[in-house]
Amino acid sequence: MVGRSIRITSRTVSASEVSGRLGIAADEQFEQSSPVSPGSPISARRETSVWIRRSGLRDDSDLADHVRTRAGLVGGRRAELALLSLDCSVELLLGFGSENGQGGRVLPTELLTEVCALGLDIVLDLYPPESAAAVAPGPS
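Presented here is an overview of the structure given in this document. (Residues numbered from 1 in each chain as written. Predicted model: local features only at pLDDT ≥ 70, side-chain atom pairs only at ≥ 80, totals over all residues. Heavy atoms only, no water.)

### A closer look at the overall build of the protein chain
Reasoning step 1: Across its full length, the protein chain carries five helices and five strands.
Reasoning step 2: By the burial criterion, 31% of the 140 residues in the protein chain qualify as buried.
Reasoning step 3: Of the roughly 8300 Å² of accessible surface on the protein chain, a fraction of 53% belongs to carbon and sulfur atoms. (Helix = DSSP H or I, 4+ residues; strand = E, 2+ residues; numbered from the N terminus. Buried < 20%, exposed > 50% of the residue type's maximum accessible area, 1.4 Å probe, protein only. Areas by Shrake-Rupley, 256 points an atom, 1.4 Å probe, with all protein chains shown as cover.)

### Some thoughts on helix α2 (residues 63–74)
Reasoning step 1: Taking 1.5 Å per residue as the helical rise, α2 with its twelve residues ought to reach 16 Å, and the 17 Å between its terminal C-alpha atoms agrees with that figure.
Reasoning step 2: On its buried side, α2 packs onto β1 (4–10), β3 (49–54), α3 (78–84), β4 (89–97) and α4 (109–117).
Reasoning step 3: Two or three places before alanine 64, at the opening of α2, aspartate 62 has a side-chain oxygen 3.0 Å from that residue's backbone nitrogen. (Expected span 1.5 Å × (residues − 1). Contact = heavy atoms within 4.5 Å. Polar contact = N/O pair within 3.5 Å; in protein donor to acceptor, adjacent residues only side chain to side chain.)

### A look at unusual backbone geometry
Reasoning step 1: We note that serine 33 has phi near 75 degrees; this positive angle belongs to a residue other than glycine.
Reasoning step 2: Within the secondary structure layout, serine 33 lies in the loop between β2 (28–30) and β3.
Reasoning step 3: Taking relative accessible area as the criterion, serine 33 reaches 46% and is therefore assigned partly exposed.

### Details of the pairing of β3
Reasoning step 1: Sheet topology places β1 next to β3; six bridges connect them, and they run antiparallel. Pairing of threonine 9 across the sheet is with valine 50, part of β3.
Reasoning step 2: Relative to β3, β2 is paired through three bridges, and the arrangement is antiparallel. In the strand pairing of β3, glutamate 28 is matched with isoleucine 52. (Pairing = 2+ DSSP bridges.)

Here you go:
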């Protein structure tokens, strides 16, 4: 499982302003019009500011625990989130993958209710298993 974070993007609110308004430092932030690839002189420019705060939990932690951690981080900042959501896209990013392409996770109703109360959209990224040929060792 990969990709557990809160992402806030905006064309009008800077990433540093998001940190200030929430009182939470970003793990990563990018300002609007900054280069997507800073080392490339022909890099495309970002269309939005991007503020990202990861869960900080291990990849093999339960998906519900990642959601609880993110909801708990911003839970006391509902008013600020509501104001930000007027000018920003506020998303809970969740990634899920399994070694064989099968599997699932349960997100309890009360947890989803909390996420909804915070006004977080949920983005679910599904990651297919790597092909056997790509991970199999070559002849020795």
